[in-house]
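# Architecture and fold: a report
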Amino acid sequence: MGDDVLQGYRQSIDNIDAALVHLLAERFKVTQAVGRHKATTGLPAADPGREEHQIARLRRLAEDAQLDPEFSEKFLRFIIDEVIRHHQRQQGGTAA
Ligand SMILES: C=C(O[C@@H]1C=C(C(=O)O)C=C[C@H]1O)C(=O)O
């Protein structure tokens with residue numbers, strides 16, 4: 001006995017979660033490279049102008065995809081803040 005319908009949904013959720021982990025792993029690989037580049041060229045860890053554009057773009061994409069734009073912004077903000085902490089560490093600074 002078992003709920004085959006729930007099982008089917010959960011299999012799909014597990015596949016999506018795996019894809020999210022892989023996507024995040026690739027994103028952090030690239031941002032680590034950006035952090036190394038910034039550390040060697042003396043660029044600041046954070047770029048608020050770039051972040052503003054990314055968040056505005058993601059909110060538009062979320063609306064088109066019928067995903068809550070507030071959630072999308074919070075999600076991206078959470079990731080970007082972690083990237084900035086990595087960049088600060090790569091610059092030898094004290095990460096917040
Ligand atoms: C990756 C960068 O560094 C920071 C992190 C960002 C991100 O995770 O998307 C965006 C802007 C920067 O504050 C960058 O400058 O492109």
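What counts, and at which threshold
Residues numbered from 1 in each chain as written. Predicted model: local features only at pLDDT ≥ 70, side-chain atom pairs only at ≥ 80, totals over all residues. Heavy atoms only, no water. Helix = DSSP H or I, 4+ residues; strand = E, 2+ residues; numbered from the N terminus. Rg over C-alpha atoms; globule rule 2.2 N^0.38 Å. Near = heavy atom within 4 Å. Polar contact = N/O pair within 3.5 Å; in protein donor to acceptor, adjacent residues only side chain to side chain. Areas by Shrake-Rupley, 256 points an atom, 1.4 Å probe, with all protein chains shown as cover. Phe/Tyr/Trp six-rings, centres within 6.5 Å; stacked < 30°, edge-to-face > 60°. Buried < 20%, exposed > 50% of the residue type's maximum accessible area, 1.4 Å probe, protein only. Axes fitted to C-alpha atoms, helices over the stretch in contact; angles between N-to-C directions. Left-handed = near helix turned anticlockwise from the far one by under 90°. Contact = heavy atoms within 4.5 Å. Core = buried A, V, L, I, M, F, W, Y, C linked by side-chain atoms within 4.5 Å.

In the annotation of an unreviewed UniProt entry, the entry for the chain reads chorismate mutase, and the organism field reads Sphingomonas rubra.

## Things to note about the overall build of the chain
Secondary structure assignment for the chain yields three helices and zero strands. Starting at the N terminus, the α and β elements of the chain follow one another as α-α-α. Computed over its C-alpha atoms, the radius of gyration of the chain comes to 17 Å, more than 25% above the 12 Å expected for a compact globule of 96 residues. For the chain, the C-alpha atoms occupy an extent of roughly 60 × 30 × 20 Å along the three principal directions.

## Remarks on the site of the ligand
The immediate surroundings of the ligand are formed by 13 residues, with Arg27, Lys38, Asp47, Glu51 and Gln54 found nearest. Glutamate 51 is positioned such that a nitrogen or oxygen atom in its side chain is 2.3 Å from an oxygen atom of the ligand. The side chain of glutamine 54 places a nitrogen or oxygen atom 2.8 Å from an oxygen atom of the ligand. Computed on the free molecule, the ligand has an accessible area of 360 Å², of which 89% lies beneath the protein chains in the complex. Secondary-structure elements contributing two or more residues to the shell around the ligand are helix H1 (4-41), helix H2 (48-64) and helix H3 (69-90). The element best represented in the shell around the ligand is H3, accounting for four residues.

## Regarding the packing of aromatic side chains
Throughout the structure, instances matching the rule amount to one aromatic pair. Arranged with centres 6.0 Å apart and planes meeting at 15°, the rings of phenylalanine 71 and phenylalanine 75 form a pair that is stacked. Of this pair, phenylalanine 71 and phenylalanine 75 both sit in helix H3, four residues apart, roughly one helical turn. Judged by relative accessible area, phenylalanine 75 falls into the partly exposed class, the value being 38%.

## Some points on the environment of leucine 61
Within the fold, leucine 61 resides in helix H2. C-alpha of leucine 61 to C-alpha of arginine 85: the two residues are 24 residues apart in sequence and 26 Å apart in space.

## A short note on the packing of H2 against H3
Contact geometry of H2 with H3 gives a least axis separation of 9 Å together with a crossing angle of 145°. Where H2 crosses over H3, the handedness of that crossing is right-handed. Between H2 and H3, the contacting residues are Glu51, Gln54, Ile55, Leu58, Arg59, Ala62 and Glu63 on the first element and Pro69, Glu70, Ser72, Glu73, Leu76, Arg77, Ile80 and Ile84 on the second.

## Examining the nonpolar core
In terms of nonpolar packing, the biggest core is built from five residues, these being Ala45, Ile55, Leu76, Ile80 and Ile84. For this core, the element with the highest residue contribution is H3, accounting for three residues. In contact with isoleucine 84, not counting residues within four places along its chain, are Ala45, Ala46, Glu51 and Arg77.

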